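# Structural description and commentary
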Amino acid sequence: MSMVSSGFFGFLFLACFFYYLVPGKHRWIFLLLVSILFYLSGGMKTAAFLCVTVFTTWFAAKRVKDNRIWFHACLILNFGILILLKYKTEFGNNFLLPLGISYYTFQSMGYLIDVRKGKYEAEKNIFRFALFVSFFPQISMGPISRFDKLKEELFTPHEADYEKLLSGARRILRGCFKKLIIADRLSGAVALIGANPEHFDGIYVLVGMLFYTAELYADFTGGADIAIGSAELFGITLPENFRTPFFSQKLSKYWTSWHITLMTWFREYIFYPAATCSPVRKLSKKVRSRFGKKAGDRVSLWCASILVWFITGIWHGFNMSCIAWGLMNCAVLLISHELEPAYEAFHRKFPVEGNPFYSVFCAVRTLLLVSCLQMFDYYKTAVLPFRMFGSLLFSSGFSALFDGRMAELNLSPADMVLVLSGCILMLFVSLSERNRSSGGSFRKESFSMQCAAVSALFIFVIVFGTYGTGYNAGQFLYNQF
Amino acid sequence: MKKSHLTVLAVTLAITAAALGLLQRLLVPKYENNIVEGNFISEYYRDRTKHDVIFLGDSNVYSDISTVELWKKYGITSYTRGSSDQMLSQSYYILKDTFETELPQTVVFDVSSMTRTELKKDAFNRITMDGMRWSLNKIKAIRAGMIKGEHFLDYVFPILRFHSRWNDLTADDFRYLFSRPSVSYNGYYLRADVKTTTTYPPDHKQKNMTFNAVNAEYLQKIADLCREKNVTLILIKSPSRYPAWYDEWDSQISDFASANGIRYFNFAKVKDEIGIDYETDTYDGGLHLNVSGAEKVADYFGNILSSEYGLTDHRSDSAVKAYWEEMTERYESERKAQEAEFAELGYVSRYRNTDTETQIPDGSSAAGDSR
């Protein structure tokens, strides 16, 4: 069930309506039932994999504190299922990819590792654990939550709070606005440019790059808005997944504000264990004794970073372009890290930090850097992006925008105006919410202003959204993982 | 929740609903020019007079028989509830809908649509269904006729289907925002232009010439409904030059008619007797008849209806006469205007682009197919 379909919104409305009619202490059971119903609407067969993950993780978690075998067996089984199904083409199987398999596997395995480390106690009730794994607003594309934080939200009886209901509705509509008005409107042009690099060369590489960046941002953050807003209707607060990433002054900041829960998961469960594991420690010791302390300290950082970004790349796709994308990000981050002393020396000599123009320059630089790195994912090969950048630099200039190829992108001038206005609106909303939680500024508005905003968003989405007959509203891109 | 908040919420809901209602009116196709047949189904509800004959079927029935000529020559009051590519299921529910308003003496059903198994575009569904008033019959008709990709909710709230027209709005959308003048003549589609074609698409006989089971079921339902309501059902086949109407189909209809005690007239077989000349009596190369051909069919069939079915001549009924005189005047005026335009330009500008343009987005040309 797509999260921008009328079926989903009908389902959400009914679930929310009946949720508040159920007695408080039983509400989590109701949520579990609707989550199961939501998952089964995507197919009965794939639900078996979710059941396996729920049962094995719940069963193993109760034993992992004093039994390493259960811990490792559970990790191997669940990551094995994920790898086998996610890379089914490579393994030659025909299973359908279960909805949200990456997200529920990461969330479950994070729970298992936390219990093993003694961060919190294992959940005794399998049904409560099942709700943690399958909570329907977040299962298809995150955010990835931690059990100790989400359980308070899930199992505490929430009373109907009209401010939260309104805030949730507004968040959902904001997500629909991004997804249906911006992302889906651009998706056709993005696909066309990416699939025809010989035809759309020169300045069109830049057009494709910027369109793709806007599409990804609107699609991903739109999906997160819908997930978080849907949970809010039940009084449940999910962690934020995106925090104005394109205001980041540097790439490392960007990666702490983009898909936050996934990157946090990688950091906590892959980076830190990898940096402190025995082989890396031994290697670090050897390098330290031979090349000095500074070089030795770098070993763990470099090894763990390369591993994390290699896995991040593979998670996006089992191909060279995705691996190249991951490793290029890693290279830029590590080089930036190594140049940190040089930057500091430069800034001591030329104190531009804090200057608003410099901040804008850095934000634009990050945006362009991220957009360039995404070209590996966009063109689906590891080599073509280099050729296309060459074409951008050496082919005809802006005049090519008026040679007729723009008309082939199936974007009317009105569509362009709409996309541009939408992007400007996203920018202003992000600016107003900068350094604040998304709902923070909203709650300060008067009730009538909140109602007016929800009404205006609803009308805008209904009229200008790309949906219905004649459109094939794309799935959310993060659904594919 | 505070009382003041409830008031604000209620006002917001009312304003949102009103704004969406207004936008829906603006965004739905108006069908006042170009694809006028999109208004035919809804125009029926404006006519408060009773009808002795109700015609049902696809575009052949609304093009090939002039309701005004039936009145002028025989005093027969009739209404054509035909629509482009009307499916059998839709004909059945439109008939049920009609019977809730009136019980005519005769229902005439054009069997041309028996060969149609499914619609390729939702545009035809919209043209038929959007004009039908809301009732259980409409709900059943929608559910029976929806094609892949369509949603029932899109019929309840047409803005969900037509919202993308925001980029294609024309002056007509504003001009006809609140009222739409009638474009049919008691459901008849007046075309005075002539387009002769000497070549016709090749015949494409299928391996299995048996009518689709669903269509056969609905034809039986139509017959049963008429029997139940004590209304005479007549089956006709319009005299189109193409698509081909094979003997296998003709005999199946004849057999059905015999088995159900219904009369069946295949006008294509008696086209010479009717006097149809495909050089002058068609506006689209033999697929549909123009007003000249439609009047010839009305003359021929009206005679049968009067003499063999004893339909009353209402021309002496002053109340009915007033309505039909006004209709006749409008009909003659439009006919003359079209004839004059055709004589001068060689085409009727209103219909010039009906084969390529559409008021329904997604390239679903409502006029480009067989109708």
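Residues numbered from 1 in each chain as written. Chains lettered and ligands numbered in written order. Predicted model: local features only at pLDDT ≥ 70, side-chain atom pairs only at ≥ 80, totals over all residues.

Let us now look at the overall build of chain A. A count of helical and extended segments in chain A gives 22 helices and zero strands. Rg of the C-alpha trace for chain A: 24 Å, near the compact-globule value of 23 Å for 481 residues, within the 12% margin. Principal-axis analysis of the C-alpha atoms gives chain A an extent of 65 × 65 × 50 Å. Taken across its 481 residues, chain A has 38% of its residues classed as buried. Counting contacts in chain A only where the partners sit at least 6 residues apart, residues at least 24 apart contribute 74% of the total. (Helix = DSSP H or I, 4+ residues; strand = E, 2+ residues; numbered from the N terminus. Rg over C-alpha atoms; globule rule 2.2 N^0.38 Å. Buried ≥ 20, exposed ≤ 12 C-beta atoms within 10 Å, placed from the backbone. Contact = placed C-beta atoms within 7 Å.)

Right, let's get into the overall build of chain B. Secondary structure assignment for chain B yields 15 helices and five strands. Here the C-alpha radius of gyration of chain B, 21 Å, is about what a compact globule of 371 residues would show, namely 21 Å. Projecting the C-alpha coordinates of chain B onto the three principal axes gives extents of approximately 75 × 50 × 50 Å. Across the 371 residues of chain B, 43% fall into the buried class. Nonlocal contacts in chain B, meaning residues at least 24 apart in sequence, comprise 81% of its contacts between residues at least 6 apart.

What follows deals with the interface of chain A and chain B. Contact with chain A, which involves 17 residues of that partner, is made by 25 residues of chain B. Looking at the side of chain A that touches chain B element by element, the count peaks at 10 residues for helix α22 (residues 447-464) of chain A. The residue inventory of the side of chain A that touches chain B, partitioned by class, reads 10 nonpolar, seven polar and no charged. (Nonpolar A, V, L, I, M, F, W, Y, C, P; charged D, E, K, R; others polar.)

This next bit is on the environment of isoleucine 144 of chain A. All names here are of chain A. Examined against the element boundaries, isoleucine 144 turns out to sit in the loop between α8 (136-139) and α9 (147-155). Distance from isoleucine 144 to leucine 96, taken between C-alpha atoms, is 22 Å for residues 48 residues apart in sequence. In contact with isoleucine 144, not counting residues within four places along its chain, are Tyr103, Phe106, Gln107, Gly110, Thr261, Leu262 and Trp265.

What follows concerns the sheet that holds strand β1 (residues 53-57) of chain B. All names here are of chain B. Read across the sheet, five strands follow the order β2-β1-β3-β4-β5 without closing on themselves; strand pairing throughout is parallel. Since the sheet does not close on itself, it has two edges, and those belong to β2 (78-82) and β5 (263-266), each with one partner. Each strand of the sheet is rotated relative to its neighbour by a mean of 20 degrees, with strand direction disregarded. Each of β1, β2 and β3 (106-110) touches helix α5 (residues 88-99); the most contacted strand, β1, lies at about 160 degrees to it. Where helix α12 (residues 247-260) meets the sheet, its contacts fall on β4 (232-237) and β5, and the angle it forms with β5 comes to roughly 155 degrees. (Pairing = 2+ DSSP bridges. Axes fitted to C-alpha atoms, helices over the stretch in contact; angles between N-to-C directions.)

Further remarks concern the packing of α5 of chain B against helix α7 (residues 136-145) of chain B. Residue and element names in this part refer to chain B. Orientation of α5 relative to α7, taken along the N-to-C sense of each, is 180 degrees, at an axis distance of 9 Å. When the axis of α5 is compared with that of α7, the two are roughly antiparallel. On the side of α5, the interface is formed by Ser89, Gln90, Tyr93, Lys96 and Asp97, while α7 contributes Asn137, Lys140, Ala141, Ala144 and Gly145. Of the residues assigned to the contact of α5 with α7, the class counts are three nonpolar, four polar and three charged. (Parallel < 35°, antiparallel > 145°, perpendicular 65-115°, else oblique.)

Residue and element names in this part refer to chain A. Domain parsing of chain A yields domain 1 (21-158) and domain 2 (164-480). For domain 1 and domain 2, the distance between their C-alpha centroids amounts to 27 Å. Each partner contributes residues to the interface: domain 1 has 18 residues there, and domain 2 has 21 residues. When grouped by side-chain class, the residues that make up the side of domain 1 that touches domain 2 number nine nonpolar, seven polar and two charged. (Domains from an automatic or database assignment.)

Ala61, Phe132, Leu154, Leu173, Cys176, Leu186 and Val461 of chain A are the most contacted members of the largest nonpolar core, which has 110 residues in total. With 18 residues, helix α11 (residues 203-233) of chain A is the largest single contributor of residues to this core. The residues that make up this core include at least three from each of domain 1 (21-158) and domain 2 (164-480) of chain A. Contact partners of leucine 186 of chain A, with chain neighbours within four places excluded, come to Phe211, Ala214, Glu215 and Val419 of chain A. Counting residues in each nonpolar core, the second largest holds 66 residues, with Leu70, Leu119, Ala192 and Cys226 of chain B among its members. (Core = buried A, V, L, I, M, F, W, Y, C linked by C-beta atoms within 7 Å.)

We now examine the pairing of β5 of chain B. All names here are of chain B. Where β4 lies against β5, four bridges are found, and the strand directions are parallel. Each residue of the ladder has a partner; that of isoleucine 234, found in β5, is arginine 263. For the crossover that starts at β4, traverses α12 and ends in the parallel β5, the hand is right-handed. (Right-handed = clockwise from strand over helix to strand, strands pointing away.)

The next point concerns helix α13 (residues 260-275) of chain A. All names here are of chain A. Helix geometry: α13 is bent most strongly at arginine 267, by close to 35 degrees. Turning to α13, its buried residues number three or more, namely Ile260, Thr261, Leu262, Trp265, Phe266, Phe271 and Ala275. As for α13, its buried residues are in contact with α6 (101-117), α12 (251-257), α14 (278-291) and α15 (293-316). (Bend = angle between axes of the 7 residues up to and from the residue.)

Before going further, it helps to examine the environment of tryptophan 249 of chain B. All names here are of chain B. Structurally, the position occupied by tryptophan 249 is in helix α12. The exposure class of tryptophan 249 is partly exposed, given the 19 C-beta atoms found within 10 Å. Taking the C-alpha atoms as reference, tryptophan 249 lies 9.7 Å from serine 112; in sequence the two are 137 residues apart. Apart from the residues within four sequence positions on either side, tryptophan 249 is in contact with Met114, Thr115 and Met209.

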